[in-house]
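Residue-level structural notes
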Amino acid sequence: MPGIEDWSTRPYDTIQKLFEDNVGGKHDDFVNKVQSYFTERLDESALSKIPSLNSTSLDQLKSGILVKYRCMVQDVFDPQFCVGQYTVTNTNAHSSRLEFGSFRDVPTLAPFETMECGKENVHVERHGFYCVPIPGESEWVKKAYSKNEAEILAPSASTSCRTKRERECEYSDFQAPPKTSRDDSACSEMEVTQEVQPSAHMADPGHNIQNGLPGSKDPDKSKIFDKNLPLPDERGVSCIVRVYTPEVDLKTTDAIEFIGILSMDPQLASIFDDETEHGDVAYQEELQAHEPPPSLVPRVHALVMRRLNHNNPILPPVPTEDVYKKAAIHLMEDALSLRLELLSILEHALLCDRLAAEYLLCHLISTVYARADMLPLGKMCLNISGCPSAQKYIKFLHHLISQLTSQTALLEMSIENMNSVRLIPQKDYRLNRITAGMLQLASGTHLVVDETALQQGQLNHTGVTNVKALADVINWQKVDYDFKWHPIPVPTNIHVLTLSEGESLLPKDFYVPLSSDNSILDIPAHFSKLDHRLTQDNLDKIRSYISVCKLIDYSISEDTQKIIQDDFVNTRQNNPKDMSIEDFQRLLGLIRVLTLSYGQCSPTADLWDRVKIMEEERKSRISRLQSHRPEVQ
């Protein structure tokens, strides 16, 4: 049986053996056997030896090896038809053989060999996904994932040489041009690069490429090759991932780890060599957007894909029920001390406000766990007002949150930003792709909105649209992608924390005015006092605590349900204003996250009393603030 060096560095040899064993069988069975073979061998130990596109420069990898890629689906391409099995004829030896075409971009041909259109050829459908690194991924997450990875493969400056004669076959015979209804059956002979020198961009996986094709004379084409990353100033490698499973349930913003075969064959770029063959400029632009040069956007032919239920590298990436139970039991043993430690850190960061720290802690472990019709259950979008606008307080607080959670993003809600930034993804019909927006974020991302940056001014149409988009995320946990003639709602799970001087203009589930210590004048010095507490060991425990709290199964016992129901009925009978339906729903949401924060699966009567006290104190603080607000004459 091949060792890991065989099936990871020469996966095509392994696939060829599986193909030969399946000759005469169904192509779907062959694909399933290939995926099963690699799935069985990719345990955590073997996976750690596979190079990652997230942390390895492209010039240190060679085409045809096994790689892994942790990413978010940014766009879903139309399915492509390609040849899953084809006949190869050797004109010198007068012999022929069958080759597999799946998991490849170009056919494997030796000198004097051609690909024939025989009756044994099998055409299959494959799915294409444009994927980007998970937006807002914290630095500690990236470092932790790459820490235990094996030594990166030695750079290879050349690929196996192929002659021009090898490509004497029609491009349409092997892979249909993507996303087009045009009939391009003319034979196109592609030039072959004998030696591939790594470009400057290949050496820097974080470079946000915006260059056109080599030799392109049209400067406008540079706009096609931006990496389409949702967050500005982010770095990372974008990939086109090919999936051969017949039915694939992947959609935009899904966080996935793919393990597949890397394809950077320079022949992929040669489809643009003869642009005069296609007079349709729109066709060329769309083709370039969907098939950019592999040196800029490599391809990965997926063999295994794993959904990331969380993005915490300290915990198992694909946990089983037993793993969750063990993690939950371990958490319960130490949950109280971890909760107190995190609460103390947040209290310090919130300028010594204990109540605000309680709500922020609950916000950090909240998540959308279900949907009732359009209503997302479990969300806890929080607005903390009274935040200082000076001394970069918001950035200090956001940095702390990024050290505790796996994905964060900061949005400065200034008039200039709201009038210019693209929050909503838009469909570009000219290129037939989705242009990324800042709200195209993976599940579990913490979005910190800095409303202290908001000054007087006029919002233009873009600004009004962006404010509405933020409101939709907070209220309904959805983003309406702009498809020009009609919006398409995409469900989200974005934890929105709005920090403002006064009460936020945006909707919120909980509003907490900050009661800060006025003696704290030096914000940087105040945050620096946390350094000795934010040790690696302490941070790892808190990060695990936050992640596992979201994974605990929550339920309410019948006894506790009766206590809560009776309390609601009695309060409504005495004074309906003291317990509205909205208040009751808020209390139910709060007791859920508060219970989980203690590492418990089910609430108690004491916790129910605790959330009522928290809400009474919060409302009392709001009433005092409103009573001291000067009346407008």
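The structure presented is a predicted model; accordingly, all values stated were derived computationally and were not measured. (Residues numbered from 1 in each chain as written. Predicted model: local features only at pLDDT ≥ 70, side-chain atom pairs only at ≥ 80, totals over all residues. Heavy atoms only, no water.)

So, the overall build of the protein
Let me state the cut-off plainly: In DSSP terms, a helix is any run of H or I states spanning at least four residues, a strand is any run of E spanning at least two, and both are numbered starting from the N terminus. Relative accessible area decides the class of each residue, using a 1.4 Å probe on protein chains only: under 20% of the type maximum gives buried, over 50% gives exposed, and in between gives partly exposed. Here, two residues are considered to be in contact whenever any of their heavy atoms come within 4.5 Å of each other. For the area figures, the Shrake-Rupley method with a 1.4 Å probe applies, and any residue is considered shielded solely by the protein chains shown.
Within the protein one finds 17 helices and 19 strands. Across the 633 residues of the protein, 52% fall into the buried class. Of the contacts made within the protein by residues no fewer than 6 positions apart, 76% connect residues no fewer than 24 positions apart. Surface summary for the protein: the accessible area is close to 29,100 Å², and the carbon and sulfur share equals 51%.

Some points on the packing of aromatic side chains
The condition that has to hold: Under the pairing criterion, centres of Phe, Tyr and Trp rings, with the six-membered ring standing for Trp, must be within 6.5 Å; the plane angle then separates stacked pairs below 30 degrees from edge-to-face pairs above 60, leaving the rest tilted. Note on geometry: a ring has a charge over it if NZ (lysine) or CZ (arginine) is within 6 Å of the ring centre and within 35 degrees of the ring normal.
In this structure the tally under the stated criterion is 15 aromatic pairs. With centroids separated by 6.2 Å and ring planes inclined at 35°, the aromatic side chains of Tyr12 and Phe100 adopt a geometry described as tilted. Of this pair, Tyr12 sits in helix α2 (residues 11–21) while Phe100 sits in strand β3 (residues 95–100), and the two are 88 residues apart along the sequence. Using a relative accessible area of 0% as the deciding quantity, one classes Phe100 as buried. Among the aromatic residues, those joined into a ring-pair cluster are Tyr12, Phe19, Phe30, Phe100, Phe103 and Tyr244. Here the basic side chain of Arg104 rests over the ring of Tyr12, its NZ or CZ set 5.0 Å away from the ring centre. Across the ring face of Phe100, the terminal group of Arg104 is positioned such that the distance to the ring centre comes to 3.9 Å.

Describing the confidence of the model for the protein
The criterion, for reference: Across the chain, each position has a pLDDT score giving the predictor's confidence in that residue, from 0 to 100.
Model confidence for the protein is summarised by a mean pLDDT of 83, while 82% of its residues fall at 70 or above. Below pLDDT 50 for its whole length, residues 150–224 participates in 157 contacts with residues either more than four positions away or in separate chains.

Some words on the sheet that holds strand β15 (residues 446–450)
Using the following cut-off: For two strands to pair, DSSP has to find at least two bridges joining them. Each axis is a line fitted through C-alpha atoms, taken for helices only over the stretch in contact, and angles between the N-to-C directions span 0 to 180 degrees.
Pairing is parallel in the open sheet, where five strands are placed in the order β12-β15-β18-β11-β19. The sheet terminates laterally at β12 (408–412) and β19 (510–513), the two strands that pair on one side only. The sheet shows a mean angle of 15° between the axes of neighbouring strands, taken without regard to direction. Where β12 lies against β15, five bridges are found, and the strand directions are parallel. Across the sheet, the residue bridging to Glu412 is Asp450, located in β15. Together, β12, β15 and β18 (495–499) form the strand contacts of helix α10 (residues 393–404), whose direction differs from that of β12 by roughly 165°.

Quick notes on unusual backbone geometry
Even without being glycine, Thr253 reaches a positive phi, approximately 75°. Topologically, Thr253 is positioned in the loop between β6 (239–243) and β7 (255–263). Residues other than glycine seldom take positive phi values, yet Lys392 does so here, at roughly 55°. Mapped onto the elements, Lys392 comes out in the loop between β11 (382–385) and α10. Residue classification places Lys392 among the exposed residues on the basis of a relative accessible area of 58%.

Focus: a nonpolar patch on the surface
Inclusion rule: Each patch is built from residues lacking any salt bridge and having more than 30% relative accessible area; the joining distance is 9 Å for like charges and 5 Å for nonpolar side chains (Val, Leu, Ile, Met, Phe, Trp, Tyr). When a carboxyl oxygen of Asp or Glu is within 4 Å of a side-chain nitrogen of Lys or Arg, the pair counts as a salt bridge.
Together, Met374, Leu375 and Trp476 make up a nonpolar patch on the protein surface, roughly 290 Å² of accessible area in all. By secondary structure assignment, the location of Trp476 is in helix α12 (residues 461–476). Under the relative-accessibility criterion, Trp476 is labelled partly exposed at 34%.

Some thoughts on the pattern of salt bridges
Under the defined criterion, the tally for this structure stands at 34 salt bridges. Notably, a salt bridge pairs Asp13 with Arg10, separated by 3.3 Å at the nearest N-O pair. Its salt-bridge partner being Arg104, residue Glu99 comes within 3.4 Å of it at the nearest N-O pair. In this structure, a network of salt bridges that share partners links the residues Asp105, Arg126, Arg242, Glu291 and Arg299.

Comments concerning the packing of α2 against helix α3 (residues 27–41)
For clarity, the threshold we go by: Roughly parallel refers to an angle under 35 degrees, roughly antiparallel to one over 145, roughly perpendicular to one between 65 and 115, and oblique to any angle outside these ranges. The handedness criterion is simple: a crossing whose near helix is rotated anticlockwise from the far helix by less than a right angle is left-handed, and one whose near helix is rotated clockwise is right-handed.
Following both chains from N to C, one finds α2 and α3 inclined at 135°, their axes separated by 10 Å at the closest point. Our classification of the angle between α2 and α3 gives oblique. Helix-helix and strand crossings are classified by hand; for α2 and α3 the assignment is right-handed. The residues of α3 that touch α2, namely those facing Pro11, Thr14, Ile15, Leu18 and Phe19, are Phe30, Lys33, Val34, Tyr37 and Phe38.

Examining the environment of Ala144
With respect to the helices, strands and loops of the structure, Ala144 is situated in helix α5 (residues 139–147). For the pair Ala144 and Ile314, spaced 170 residues apart in sequence, the C-alpha separation works out to 7.7 Å.

Some remarks on α12
For clarity, the cut-off: Expected span of a helix, by definition, is 1.5 Å for each gap between consecutive residues, and there is one gap fewer than residues. A 3.5 Å cut-off defines polar contacts: any pair of N or O atoms within that distance qualifies, except that in protein one atom must be a possible hydrogen donor and the other a possible acceptor, and neighbouring residues in sequence count only when both atoms are side-chain atoms.
Taking 1.5 Å of rise per residue, 16 residues should cover 22 Å, and α12 covers 22 Å from first to last C-alpha, within 8% of that figure. Looking at α12, one finds that the buried residues are Gly463, Asn466, Ala469, Leu470, Ala471, Asp472, Val473 and Ile474. By the N-cap criterion, in which a side-chain oxygen at the helix start approaches the backbone nitrogen of a residue two or three places on, α12 is capped by Asn460, the distance to Thr462 being 3.1 Å. One or two steps after α12, the chain reaches Gln477, where phi turns positive at roughly 50°.

Describing the environment of Leu505
As for its placement among the helices and strands, Leu505 is situated in the loop between β18 and β19. Among the residues examined, Leu505 registers a relative accessible area of 68% and is labelled exposed. As for Leu505 and Val467, which are separated by 38 residues in sequence, their C-alpha atoms are 9.3 Å apart.

So, the nonpolar core
Inclusion rule: Take the buried Ala, Val, Leu, Ile, Met, Phe, Trp, Tyr and Cys residues and link them wherever side-chain atoms come within 4.5 Å; each set so joined is a nonpolar core.
By size, the foremost hydrophobic cluster in this structure holds 58 residues, and its most contacted members are Leu350, Tyr359, Tyr393 and Leu590. In terms of residue count, helix α9 (residues 354–365) provides more of this core than any other element does, nine residues in total. Among residues more than four places away in sequence, those in contact with Tyr393 are Ala349, Leu350, Leu351, Cys387, Pro388, Ile523 and Phe527. Within the second largest apolar cluster, 26 residues are counted, among which are Leu231, Met413, Leu447 and Leu470.

Some words on the pairing of strand β1 (residues 66–76)
In regular strands, side chains alternate between the two faces of the sheet. Where burial is concerned, most of β1 is hidden: ten out of the eleven residues are buried. Summarising the sheet, β1 and strand β5 (residues 122–132) pair through four bridges and their orientation is antiparallel. Note on β5: the bridge partner recorded for Asp75 is Tyr130.

Things to note about the side chain of Lys227
Here Lys227 lies in the loop between α6 (171–174) and β6. In terms of polar contacts, Lys227 uses its side chain to reach the backbone carbonyl oxygen of Gly236, at 2.9 Å.

Quick look at the environment of Leu400
Tracing the sequence through the fold places Leu400 in helix α10. According to the relative accessible area criterion, Leu400 is buried, its value standing at 3%. Distance from Leu400 to Leu346, taken between C-alpha atoms, is 8.9 Å for residues 54 residues apart in sequence.

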